[in-house]
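For reference, the chains in residue letters:
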Amino acid sequence: MTPAAGDALTWSYVLAAGLIAFTLAVARKGTSAPPPPQISRESSGLSRRTIAAAVMILLLIPVTIFIGAYYLDDRKYYFIALLILLETMLPFFLVFEGRKPQARELVVVAVLCAIGVAGRAAFFMLPSFKPVLAIVLISGVAFGGETGFLVGAMTMLVSNIMFGQGPWTPWQMFAMGLAGFLGGVLFRKGLLRRSRSSLCVFGALAAVVLYGGIMNPASALIWTHSIEWDIILAYCLTGLPMDLVHAAATALTLWFLAEPMLEKLDRIKTKYGLAS
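Residues numbered from 1 in each chain as written. Predicted model: local features only at pLDDT ≥ 70, side-chain atom pairs only at ≥ 80, totals over all residues. Heavy atoms only, no water.

(A) Geometry of unusual backbone geometry. In this structure, Ser128 is a non-glycine residue whose phi angle is positive, near 70 degrees. One can find Ser128 in the loop between helix 4 (103–122) and helix 5 (132–143). Using a relative accessible area of 24% as the deciding quantity, one classes Ser128 as partly exposed. (Helix = DSSP H or I, 4+ residues; strand = E, 2+ residues; numbered from the N terminus. Buried < 20%, exposed > 50% of the residue type's maximum accessible area, 1.4 Å probe, protein only.)

(B) Up close: the nonpolar core. Of all hydrophobic cores here, the largest spans 59 residues; its most connected members are Phe149, Met173, Phe174 and Leu254. At the level of secondary structure, the elements contributing two or more residues to this core comprise helix 2 (48–70), helix 3 (77–93), helix 4, helix 5, helix 6 (145–163), helix 7 (168–188), helix 8 (196–224) and helix 9 (229–272). Excluding residues within four positions of it along the chain, Phe149 makes contact with Ile57, Ile61, Thr88, Met173, Phe174, Gly177, Leu178, Gly180 and Phe181. (Core = buried A, V, L, I, M, F, W, Y, C linked by side-chain atoms within 4.5 Å. Contact = heavy atoms within 4.5 Å.)

(C) Spatial organisation of the confidence of the model for the chain. Residues of the chain with pLDDT of at least 70 account for 76%, and the chain-wide mean is 80. In the model, residues 1–9 has pLDDT below 50 throughout and makes four contacts with residues more than four positions away in sequence or in other chains. Contacts for the low-pLDDT stretch residues 22–36, under 50 throughout, to residues beyond four places or in other chains number nine contacts. (pLDDT = per-residue confidence, 0-100.)

(D) Broad picture of the pattern of salt bridges. Per the stated rule, a full pass over the model turns up two salt bridges. The shortest N-O distance in the salt bridge between Arg196 and Glu259 comes to 3.6 Å. With a gap of 63 residues between them, Arg196 in helix 8 and Glu259 in helix 9 connect regions that are remote in the sequence. Exposure remark for Arg196: the relative accessible area of 21% places this residue in the partly exposed category. (Salt bridge = Lys/Arg side-chain N within 4 Å of Asp/Glu carboxyl O.)

(E) Seen up close, the environment of Ile138. Tracing the sequence through the fold places Ile138 in helix 5. Placed 65 residues apart in sequence, Ile138 and Gly203 show a C-alpha to C-alpha distance of 9.9 Å. For Ile138, the residues in contact, after removing those within four places along its chain, are Leu254, Leu257, Ala258, Met261, Leu262 and Leu265.

(F) Fine view of the side chain of Lys130. By the element assignment, Lys130 lies in the loop between helix 4 and helix 5. Nearest to the buried, unbridged Lys130 among oppositely charged side chains is Asp243, at 12 Å. Separated by 2.7 Å, the side chain of Lys130 and the backbone oxygen of Leu126 make a polar contact. Every residue in contact with Lys130, bar those within four places of it in the chain, is listed here: Arg120, Phe123, Phe124, Phe163, His246, Ala249 and Thr250. (Lys, Arg positive; Asp, Glu negative; His and termini not counted. Polar contact = N/O pair within 3.5 Å; in protein donor to acceptor, adjacent residues only side chain to side chain.)

Shown next as structure tokens:
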């Protein structure tokens, strides 16, 4: 490891520890605001479109990435990213089954994607310190898992125009979208609450376990083109500091933005009769 890499690693640990400590300290103060509305488990059945989306996300999209990696040699990543985007949009547009989608419904999703892209670009100078995952989770909780996946996948695809496209783009789309989908589904099932503490804990775990758990092995596969467990373990260990920074950024963003953004999105849904 070079001195520069060692300094970066140390900085990552210090930044992550400091941000996590700050978030936990603020969380202990609590809040006197009334609790947000929750979905009871008795009325939390998943719709057929959500089940169809789960099948596409957990089966069809991984198969698409596998074909791109092993049969197209990771050289057709624009084509694979486009396929993933189309597969992502299919369950989302099932929301509009039986009626035409209105422009205001699509504009809200486009604005959420734009916020995610702008948030990633605004913190370009801080490695892994990005609020994207927080915005994606808020989208999933507010409008459902399908919208959460679409916002996550679209945000990573569009923002990589600035950060660089490559064979990692489909993996990033899948990992970020899956976090948004899972957050929406868990909220719909009543297993994830809309409180600050619950969202912050879930966001931090999603950053380390879900996003980092996918992207670290994916990075090893992209560069080695073979499954070697010692190399994958090395990538996971060296990527852990960055995952902790990502977790701290996600928790911090959710602590300050989740409640006000969800309140605004609830008003928009009520005013314009948007589906969720």
